[in-house]
Amino acid sequence: MSAPKPLKIGDITVQKPVIQGGMGVGISLSSLAGAVAKAGGVGIISTAQIGFREPDFKEDPLKANLRAIKKELDKARAAAPDGVIGFNIMVATRQYPLYVKAAVQAGADLIISGAGLPVSLPEYVPAGADGQRRTKIAPIVSSAKSASVICKMWDRKYQTVPDLVVIEGPLAGGHLGFSTEQLSELGADTPDRDKTYRQDLYDEEIRKILQLIRQYEEKYQRKIPVVSAGGIYTHEDVMHQLELGVDGVQVATRFVTTRECDAPDAYKQAYIRAKKEDIVITKSPVGMPGRAIVNPFLEQVKKQRQAPEHCYQCLEHCDRASIPYCITRALVNAAEGDVDHALLFCGSNAYRAERIETVQEVMDALMGAEG
Ligand SMILES: Cc1cc2nc3c(=O)[nH]c(=O)nc-3n(C[C@H](O)[C@H](O)[C@H](O)COP(=O)(O)O)c2cc1C
């Protein structure tokens with residue numbers, strides 16, 4: 001297998017086929033995204049409560065968030081004027097279309113959208129007469145079934161196909177597109193998942209997704225690049241994915257423990273301290289399983305509900321009366337370094353971090369260009 005090749009997303013060329021995965025709240029903002037873009041990959045800013053540092057965030061989170069979208073993109077662009085920079089926007093976000101439109105208007109190169117199926121995304125980012133979009137759009141899928149639902153819908157309703165597809169597997173961080181039963185079948189939910197994980201099963205799913213995408217490439221006579229994500233930590237991991245036939249990878253966890261990552265030092269240190277058995281699957285108030293580091297907060301909410309004190313209008317569907325805790329509060333606490341009162345999202349490999357690296361070091365390691 002030859003060295004990784006640049007990733008082409010329509011008319012955009014990314015020198016290194018590495019997309020830094022979006023991480024909310026406040027973990028992937030302009031500093032991390034700008035540094036990754038400068039190092040030749042794709043920097044992705046998460047729009048999840050992106051305006052949490054704005055003075056009016058508590059009173060009007062929507063206004064604060066929409067304003068911060070432009071601010072963060074401008075800052076990342078200043079760090080990497082020629083880099084490729086985009087946003088991760090969760091479908092579950094309340095007022096999702098407004099976030100997408102704000103990202104397009106700010107001049108994003110790419111929008112990656114998951115945590116739900118982005119079935120209407122092309123409506124807010126229409127293609128021009130030549131079939132191209134200035135801002136590329138990419139759904140996140142976890143199975144051939146979800147990839148098929150999105151492609152069928154976009155084809156029928158909008159006569160379009162994704163500019164890029166992100167496949168996110170069961171070793172990823174944050175919310176996962178799998179049920180707890182599926183995670184268990186794949187052996188992705190045990191403390192010893194490096195031994196129990198059925199990589200063969202998920203590799204087969206990736207091949208199925210690639211086959212499906214090929215049908216749409218033929219129909220539209222254009223290349224649809226695919227990247228895979230979840231548990232990719234080393235050059236060997238990258239090469240394994242490329243051998244399956246994908247065009248690139250999306251990596252998040254390994255970028256958390258970089259100097260440039262927007263997370264506070266206490267958050268990065270929680271990764272460095274974490275042991276394999278500290279990384280658990282938890283059911284988040286969003287109703288999806290998520291992966292996080294066990295801490296006093298998780299222990300406490302398991303025993304007793306923490307009634308939300310304030311609503312930050314984050315999710316389209318949230319039953320304030322029954323949720324175990326407010327996910328915005330728990331994630332903002334993490335972003336502010338109050339790690340004992342926070343939900344510490346992480347990927348299955350977070351325990352492997354031993355020190356703070358630079359983004360350039362991580363990119364070199366992933367590309368196999370160390371030393
Ligand atoms: C701390 C953290 C926060 C994340 N937040 C989001 C998010 O807001 N939206 C999203 O679509 N994915 C989110 N993810 C998933 C990543 O974008 C990425 O696809 C995944 O974690 C890749 O696996 P890896 O972390 O093992 O590299 C998050 C991941 C982490 C580790």
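About the criteria used
- Residues numbered from 1 in each chain as written.
- Predicted model: local features only at pLDDT ≥ 70, side-chain atom pairs only at ≥ 80, totals over all residues.
- Heavy atoms only, no water.
- Axes fitted to C-alpha atoms, helices over the stretch in contact; angles between N-to-C directions.
- Helix = DSSP H or I, 4+ residues; strand = E, 2+ residues; numbered from the N terminus.
- Parallel < 35°, antiparallel > 145°, perpendicular 65-115°, else oblique.
- Left-handed = near helix turned anticlockwise from the far one by under 90°.
- Contact = heavy atoms within 4.5 Å.
- Nonpolar A, V, L, I, M, F, W, Y, C, P; charged D, E, K, R; others polar.
- Near = heavy atom within 4 Å.
- Polar contact = N/O pair within 3.5 Å; in protein donor to acceptor, adjacent residues only side chain to side chain.
- Areas by Shrake-Rupley, 256 points an atom, 1.4 Å probe, with all protein chains shown as cover.
- Phe/Tyr/Trp six-rings, centres within 6.5 Å; stacked < 30°, edge-to-face > 60°.
- Buried < 20%, exposed > 50% of the residue type's maximum accessible area, 1.4 Å probe, protein only.
- Lys NZ or Arg CZ within 6 Å of the ring centre and 35° of its normal.

**Q** So what's going on with the packing of helix H2 (residues 61-79) against helix H3 (residues 96-106)? Which residues, and what values?
**A** It is the contact of H2 with H3, at a shortest axis distance of 9 Å, that shows an interaxial angle of 25°. Of the possible angle classes, the one that applies to H2 and H3 is roughly parallel. As H2 packs across H3, the resulting crossing turns out to be right-handed. Note on element contacts: H3 touches H2 through Leu98, Tyr99, Ala102, Ala103 and Ala106, opposite Leu62, Asn65, Leu66, Ile69, Lys70 and Leu73. Considered class by class, the residues forming the contact of H2 with H3 number nine nonpolar, one polar and one charged.

**Q** Could you give me a rundown of the site of the ligand, with the residues and numbers involved?
**A** If you check the shell around the ligand, you find 24 residues, and the closest are Gly22, Glu168, Gly231, Gln250 and Thr253. In this structure, Asn88 approaches the ligand through a side-chain N or O atom, which is 2.9 Å from an oxygen atom. Between the ligand and Gly231, the relevant distance is 2.7 Å, taken from an oxygen atom to a main-chain nitrogen or oxygen of the residue. For the ligand, whose unbound accessible area comes to 610 Å², protein coverage reaches 96%.

**Q** Outline the packing of aromatic side chains, listing residues and values.
**A** A complete count under the given rule lists five aromatic pairs for this structure. With a centroid separation of 6.3 Å and an interplanar angle of 80°, the aromatic rings of Tyr96 and Tyr124 are classed as edge-to-face. Placement of the pair is Tyr96 in helix H3 and Tyr124 in helix H4 (residues 121-124), with a sequence separation of 28 residues. Pairing Phe178 with Tyr202 gives two aromatic rings, centres 5.8 Å apart and planes at 70°, and the pair type is edge-to-face. Of the two residues, Phe178 is situated in the loop between strand E9 (174-175) and helix H6 (180-185) and Tyr202 in helix H8 (residues 199-220); the sequence distance between them amounts to 24 residues. Among the residues examined, Phe178 registers a relative accessible area of 8% and is labelled buried. Note on Tyr202: relative accessible area 5%, which makes it buried. If you follow Arg254 out to its NZ or CZ, it ends over the ring of Tyr233, 5.1 Å from the centre.

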